[in-house]
Each structure stands twice: as structure tokens, then as C-alpha cells.
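A structural walkthrough
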Amino acid sequence: MNTPGNGFAHDDDVNYPLNCWYVAATSGEVGRTMLTREILGRPVLLYRQESGEVVALTDICPHRGTQLSTGQLDGDRVVCGYHGFEFGPDGRCVRVPSQAHVPFGASVRAFPVVEEAPVVWIWMGDPAKATRREPPRLPWLHEDGWDVFAGQLEVEANYLALHDNSLDFTHLPYVHKELSPKGYVSLPPPLDIAVSEFSVSYSRSFPPGPLPKWQVTATGLDPAGDYEIRESGQFVSPALHVVHMDILVPGPVSEGDQQAYLRPWIRGFTPVNPYRTHVFYWVARNYRRGSAEVTAHLRAVHERILHEDKHVIESMQSHAGHYGARSDLTLVNADVAAVKAHEIVSTMLVRERAGSLNVRRPFPARTGRF
């Protein structure tokens, strides 16, 4: 029986589109040793060619189903650790040690990959569609003017539960009581929502008020001052969420002074399967750059937020079953952005399944001689 407990998924449980760029790994994780990772229910191995280019292959030998990652690299080829079959970076079998010829059609699937350090993106769907859509741009990780730290964790829950959590910050004063800005305690301002074909953006500004202690420590601002907080964020795609919680310094400033303390938080939600999500995250800031103490402080704060959310989300998933299966949930105004995100995902799935290729087959079709 396929249940969340045994690692297998019913087709009806798969609610993530394949035709989307997902975070497969960070650049530092992929090298000249094979990295294996389950992505969207499929075993994937990643490695670098001698040229430095990243390769992603299905981590299953088509001969006997052995994990290719248990073998070794020979130059740019993957050598299966069971019978020595050799596969090139394009997934084609190029050598079978026990016979002179390679069986017709012997191959593993090679996935389109784009690396924009520090992110390695992977496309698990129809490869012909990968060239029509570029991975999201993350300027805070590439451009000057930002200090960045990163991390990862896994959450035993469906990826949409993490998007919903990120799209509704009214949970802050209840889940993260000591870390929540004061503006969430009373009635928060309404969200301004903007929807495009693949994304949902939202924003609102809180009237000036005191900062939580952790923000005072991070910014070095006067703890007695009142500051406007501008919250904005984006469901960029099923794979990515970016949130901003900017602090605006009031009053006139002289040239060169910092008016806005910016802290974008980028999270890649990569489904392992319908019941587990691998979270990649980066936190950038444009203030007090170069301070190891500020970085350590902000890392501790964000790790606390992530683990407090993880506890709530996993508890919710374990009691409610497969995420999204219930139809009796009560929705409120704060859920608008999440509802729009679900609608986008549903539309993507309908389009994908209406004319999709059979990209889920674990082994290539075999014809001709063996």
C-alpha cells in the first residue's frame, strides 16, 4: 500500500508540477564525487564534469536497477558499481564490459541543469519546455552590496504547506511570539495582492512602531525609536518564495546614509515527494556588512523561525493527512495570497497533465536486440 509512511506516493497525491525549475543543490555541494538526492519522487545523481559543468542523471542503472551513485566516476563517465556499465553525461550507455556491443536504447535520463552560483537548478519535466523558461533571477546572491548566509533543512510535509506558511505572516505573534513585530499583534494592514501567470506578489506597510529586540540587535538602530516596517514577498513559482521585511528609517537623511534596512529571505522549496520537502534558504542584508556577529545573530534568529514553523507544519500534516485533501477548511482574508498560489499550481498541473510526455517512466523503453 502506498502511504506517506512507506515513502511511496499515489499519483493523486502528486501535486507539484514537473515543468518548473527547482533547486537541486547548492554549487558547493556538487563536485567530482557523486551527490545523490531524491527530487520530485525521483532518485537523481549530480556531479561535475572535468570542465566544471554540472550533470544530473537518473540514479538508476537500466540493467538491474542498481543506484549508479554507488559506483564511481571515470573521467566524465559514471561507472555502475554492479556490472560496470558506463554512462556518459548525456545519459547514454557507452560501454558494457561483458559484451562487445551496447544494447539498443540503453540509457538513463539526463535532466536539464542550469547553474547560477550558488544555485544549481534542475528541470524534471518535459526537456523541450526547459529552454522556454529561464530559472528565476536572484540578484541578492549575485550582485555586490549584500552579505549572505545560507542553510538547508528537511520538513516532513507537502511543499504547499510551506508556501502557505510563507504567504501568511499573521501567524508570527503566535508561533514566533518574541520575534514578531508589534504590528501583527493588533489588526494588521490589508495585503495588496498582484497575480501573474506563474506568481503571486503581496505587500503592506505597518505604521511606525518599536522594533523587536532581535531587529534592534541586528541593525544597531535606536531601541527607543519608532520605525515603519514594509513587508512584501512573492510566490515566484512552485519552487521558490522570496520575502522582504524592510525597516524604513524616518526623517530626512544626509547623502550616503542608509534609509532602508533591507533583508530579503530566499527559500527554495524542492519536493522530495508529496510528504517531504527539502528547503534551501539564503538570507541577505545590505546593512552592517562584514560583521560576523550580525551574521551569527541573524542565522540564529532565522534557524529558530524555521524550526518553530517546521514543528507546526509537521504537526498539521501528521494530523490532517495529505496536504490539501480536506475541503472543510475555513478561509479568512489573510489566506488570499495562498489561495491564488494554489490556483496557479492547479492550472499548471492541468496544462501539464493534459498534454504531457511520459516522463515518469523509471526505465527507458527497450526495443531491438539486447
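Residues numbered from 1 in each chain as written. Predicted model: local features only at pLDDT ≥ 70, side-chain atom pairs only at ≥ 80, totals over all residues. Heavy atoms only, no water.

Within an unreviewed UniProt entry, the label attached to the chain reads Aromatic ring-hydroxylating dioxygenase subunit alpha, and the organism entered is Pseudonocardia charpentierae.

1. Structural notes on the pattern of salt bridges
Evaluated as defined, the whole model comprises 18 salt bridges. When the shortest N-O distance is used, the salt bridge between Arg289 and Asp147 registers 3.4 Å. Pair noted here: Arg289 is in the loop between β18 (276–285) and α6 (292–320) and Asp147 is in strand β11 (residues 147–155), with a separation of 142 residues, a long-range link. One salt bridge in this structure joins Arg304 and Glu308, with 2.9 Å as the shortest N-O distance. With a gap of 4 residues between them, Arg304 and Glu308 both fall in helix α6, about one helical turn apart. Within this structure, Arg32, Glu50 and Asp76 form a network of salt bridges that share partners. (Salt bridge = Lys/Arg side-chain N within 4 Å of Asp/Glu carboxyl O. Helix = DSSP H or I, 4+ residues; strand = E, 2+ residues; numbered from the N terminus.)

2. Observations concerning unusual backbone geometry
A cis amide bond links Ala117 to the next residue, Pro118, at an omega of 10°. Note on placement: Pro118 falls in the loop between β9 (113–116) and β10 (119–123). You will see that Leu40, though not glycine, has its phi angle at about 55°, which is positive. Tracing the backbone through its elements, the reader meets Leu40 in the loop between β2 (35–39) and β3 (42–48). The phi angle at Arg288 is positive, at roughly 45°, despite the residue not being glycine. Along the chain, Arg288 turns up in the loop between β18 and α6.

3. Topic: the sheet that holds strand β7 (residues 86–87)
Sheet architecture is open: 4 strands sit in the order β5-β6-β7-β8, paired in antiparallel fashion. Strand pairing shows two members of the sheet lacking a second neighbour, β5 (72–74) and β8 (93–95), which therefore form its edges. Of the pairings in the sheet, the one linking β7 to β8 comprises 2 bridges and is antiparallel in character. Within the sheet, the bridge partner assigned to Glu86 lies in β8 and is Arg95. (Pairing = 2+ DSSP bridges.)

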